[in-house]
Amino acid sequence: MKHLFYLGMMLLLGFSACKKENQSEKVNDETFVLDGQTYSVSETREKLAKLTGVDKDELVFFRDSLAFTQEGTTSFLKIEMFIGELNKMKL
Amino acid sequence: MKHFWLFVFAFTSIISIAKAQNDDNGNLLYPYNFAISTPTSDGKIAFDSNQLGVGISGSFGIVLTELFKPHFQGVETSVQFVVGGQVKKEAKLTFFEEDFIVDGQMYLISKLKSFSLSISTNGIDMNSARLVIKYRFYYDSNWNLIPGITQSGWLPEIAFGKPWFTHNKQYSFVDTFNPPITISGPTDICTEGVYEIQHAGNVVIQNIDGTPATLTKTGATTYKLSRVSNNVGIVRLMATSNTGNTANFDVRVGLIKGRLIGPSFLTSNYHPNNEEEFEIQLDPGENFTITNFIASRSTCEIQQTGPYKFKVRIPGSWSFYPPNHNQDYLRITVLDQSGACVKGISKTIIIYPNQGGGGGELPDPGGPQNPNFGL
């Protein structure tokens, strides 16, 4: 009986911890949808920064046009153009 | 089968190249994200025509087609400041295979590369000036990517006999020089005055006291005010620039520097108690001799009562103009026509109907009662 109680407590603790982590990820990580696929904004920013050689902190996301701009320039990096290459990249 | 589709793809590419000739359409590679990091206005590169030149910096990258990727050896580019078809300045950049490699893997999109140019704008027709990207790359006929091209060499030279492709996106220029409007000329005029007005797109006048003058443009930056008859008053020159700057300049036309003191309103009552006295107060050192009076309505009577004093009477027969029958305006001008310049001073008085108080309204005599009265 005692063993069963400890097992139950451990399972409860394990499930609640997992649930918390997932919720936190969803709140902190913005996403966008392109061609039916959901992408992480931060991951896309990071990959795009690696591909273009631009500092990721200079890339500003524009949700309406699904593009990034580079601060202080007339840059307009439409994600649609890069997504094929970004999908090949690993961080 | 694989070779068939490769041929179809290559054929489509060459058809596109043949159509495009000098632009990006259908090319095996082309620039992307041609961006400017120096000031722009409405997407145009800003320059100041009051300065001799402008420094321009920016960046762009190159996109490869999947077809060309295995053969890519490099692309030569040139950012050119072109005026009327002539290259005035250029900055050369070359993209190599390493510019497409991230973590050991080659991608179709290169890193962005920066350029900077210092261009002279002095004496240049900047309306026709453009900043463009030209590019060319080596092609080996053994690759068999473009049917019909059997010669190896630089594209587009070997295909079209022209040294460069031209990127579709280009920048034009906009002058952001925004100087303040300056107006110079006399503040007091007798018959006319000439004014120099710099950096104004439009100049009009506003008659803020009477209708003393008209405005004529006599040159690119010169204007003339011409007095209307012997009218006196203040006219305001109002200048507006194309960039939204404004400037005003008041001009006194035929006006003495003194003041005309007296009531600001009279009632239409020919009663002696309704005679109101006006006095001209001159500035020190100023001379003035009353030679005549001018009134905007003939119904009133004016009598000089001293060197600088006069009385005004409004008869009960005063006819109030529509639409407002309860008040009217009378403008009185006192002139000195004894000198070379006819000068004077004016005052506008409001006329109200007599409300029948006091001794009652006297009948309108129909004309001057006193031979000393009148205009």
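A quick note: this is a predicted structure, and the numbers were derived from the prediction, not measured.

### A word on the overall build of chain A
Across its full length, chain A holds 3 helices and 5 strands. Scanning chain A from its N terminus toward the C terminus, one meets helices and strands in the order α-β-β-α-β-β-β-α. Considering only residue pairs separated by 6 or more positions, chain A has 37% of its internal contacts joining residues 24 or more positions apart.

### Examining the confidence of the model for chain A
The predicted coordinates should not be examined in detail at positions where pLDDT is low. For chain A, per-residue confidence averages 81 on the pLDDT scale, and residues scoring 70 or more make up 68% of the total. The low-confidence segment residues 17-27 of chain A (pLDDT under 50) makes 0 contacts with residues lying over four places distant or belonging to another chain.

### Some words on the packing of aromatic side chains
All names here are of chain B. Within the structure shown, the criterion is met by 23 aromatic pairs over all chains. On the numbers, 6.5 Å between centres and 70° between planes, the contact of F47 with F173 is edge-to-face. With F47 in strand β3 (residues 44-47) and F173 in strand β13 (residues 173-175), this residue pair connects regions lying 126 residues apart in the sequence. As far as the burial class goes, F47 and F173 line up, both buried. Every member of this aromatic cluster is reached through a ring pair, and the members are F68, F72, F100, Y135, F137, Y139, W143 and F165. Its end group placed over the ring of F95, K113 keeps NZ or CZ at 5.2 Å from the ring centre.

### A few points about the nonpolar core
Buried together is how nonpolar side chains tend to be arranged in soluble globular proteins. Residues and elements named next belong to chain B. Counting residues in each nonpolar core, the largest one holds 43 residues, and the members touching the most others are F115, L131 and F173. For this core, the elements supplying multiple residues, two or more each, are β1 (29-36), β3, β4 (53-64), β5 (75-83), β6 (86-95), β9 (113-120) and β10 (129-139). Sort the elements by how many residues they give to this core and β10 lands first, with 6 residues. Not counting residues up to four positions away in its chain, the partners in contact with F173 are K44, I45, F47, I56, F81, I119, M126, A129, R130 and L131.

### Overview of the pattern of salt bridges
Going through the model one piece at a time under the given rule, you end up with 13 salt bridges over all chains. One salt bridge connects D103 of chain B with K50 of chain A, and the closest N-O pair in it is separated by 2.4 Å. With D103 of chain B in the loop between β7 (101-102) and β8 (105-106) and K50 of chain A in helix α2 (residues 41-52), the pair connects residues from two separate chains. Note on K50 of chain A: relative accessible area 27%, which makes it partly exposed.

### Focus: the confidence of the model for chain B
Mean pLDDT over chain B works out to 86, with 87% of the residues at or above the 70 mark. Under a pLDDT of 50 for its full length, residues 1-16 of chain B has, in the predicted model, 14 contacts with residues more than four places off or in other chains.

### Looking at the interface of chain B and chain A
Taken together, the contact pairs 20 residues of chain B with 18 residues of chain A. Counting the surface lost from both chain B and chain A, the interface buries some 1,500 Å², and carbon and sulfur atoms represent 58% of this. Applying the counting criterion to the chain B and chain A interface returns 1 salt bridge. Counting the contacts that link chain B with chain A gives 7 residue pairs in polar contact (both at pLDDT 80 or more). The greatest single-element share of the side of chain B that touches chain A, amounting to 5 residues, is contributed by β1 of chain B. A class-by-class count of the residues in the side of chain B that touches chain A yields 11 nonpolar, 6 polar and 3 charged.

### Brief notes about the sheet that holds strand β20 (residues 233-240) of chain B
Residue and element names in this part refer to chain B. Spatially, the 4 strands line up as an open sheet ordered β15-β21-β20-β17, and their pairing is mixed. Taken across any chain shown, the strands that pair with only one partner, and hence form the sheet edges, are β15 (188-189) and β17 (202-209). Both β20 and strand β21 (residues 246-253) contribute to a ladder of 8 bridges, which runs antiparallel. Its bridge partner lying in β21, A239 is registered against A247.

### Some words on unusual backbone geometry
Omega for the peptide link from L155 of chain B to P156 of chain B comes to 15°, which places this bond in the cis form. In this structure, P156 of chain B sits in the loop between β11 (153-155) and α2 (157-160). Its identity as a non-glycine residue notwithstanding, D35 of chain A has a phi of 50°, on the positive side.

### Thoughts on the packing of α2 of chain A against helix α3 (residues 79-88) of chain A
All names here are of chain A. The interhelical angle for the contact between α2 and α3, taken along N-to-C directions, is 85°, at an axis separation of 11 Å. What the angle tells us is that α2 and α3 run roughly perpendicular. Mapping the contact onto sequence places T44, K47, L48, L51 and T52 in α2 and I79, F82, E85 and L86 in α3. Of the residues in the contact of α2 with α3, the class split is 5 nonpolar, 2 polar and 2 charged.

### Remarks on the pairing of strand β3 (residues 59-62) of chain A
Residue and element names in this part refer to chain A. Burial along β3 is one-sided: L59 and F61 are buried, while V60 and F62, pointing the other way, are not. Looking at chain direction, β3 and strand β4 (residues 67-70) are connected through 4 bridges and run antiparallel. Note that in β4 the partner of L59 across the bridge is Q70. Connecting β3 to the next strand, β4, in antiparallel fashion are 4 residues, including L66 with a positive phi near 45°.

Criteria and thresholds
- Residues numbered from 1 in each chain as written.
- Chains lettered and ligands numbered in written order.
- Predicted model: local features only at pLDDT ≥ 70, side-chain atom pairs only at ≥ 80, totals over all residues.
- Heavy atoms only, no water.
- Helix = DSSP H or I, 4+ residues; strand = E, 2+ residues; numbered from the N terminus.
- Contact = heavy atoms within 4.5 Å.
- pLDDT = per-residue confidence, 0-100.
- Phe/Tyr/Trp six-rings, centres within 6.5 Å; stacked < 30°, edge-to-face > 60°.
- Buried < 20%, exposed > 50% of the residue type's maximum accessible area, 1.4 Å probe, protein only.
- Lys NZ or Arg CZ within 6 Å of the ring centre and 35° of its normal.
- Core = buried A, V, L, I, M, F, W, Y, C linked by side-chain atoms within 4.5 Å.
- Salt bridge = Lys/Arg side-chain N within 4 Å of Asp/Glu carboxyl O.
- Buried area = accessible area lost by both parts, 1.4 Å probe.
- Polar contact = N/O pair within 3.5 Å; in protein donor to acceptor, adjacent residues only side chain to side chain.
- Nonpolar A, V, L, I, M, F, W, Y, C, P; charged D, E, K, R; others polar.
- Pairing = 2+ DSSP bridges.
- Axes fitted to C-alpha atoms, helices over the stretch in contact; angles between N-to-C directions.
- Parallel < 35°, antiparallel > 145°, perpendicular 65-115°, else oblique.

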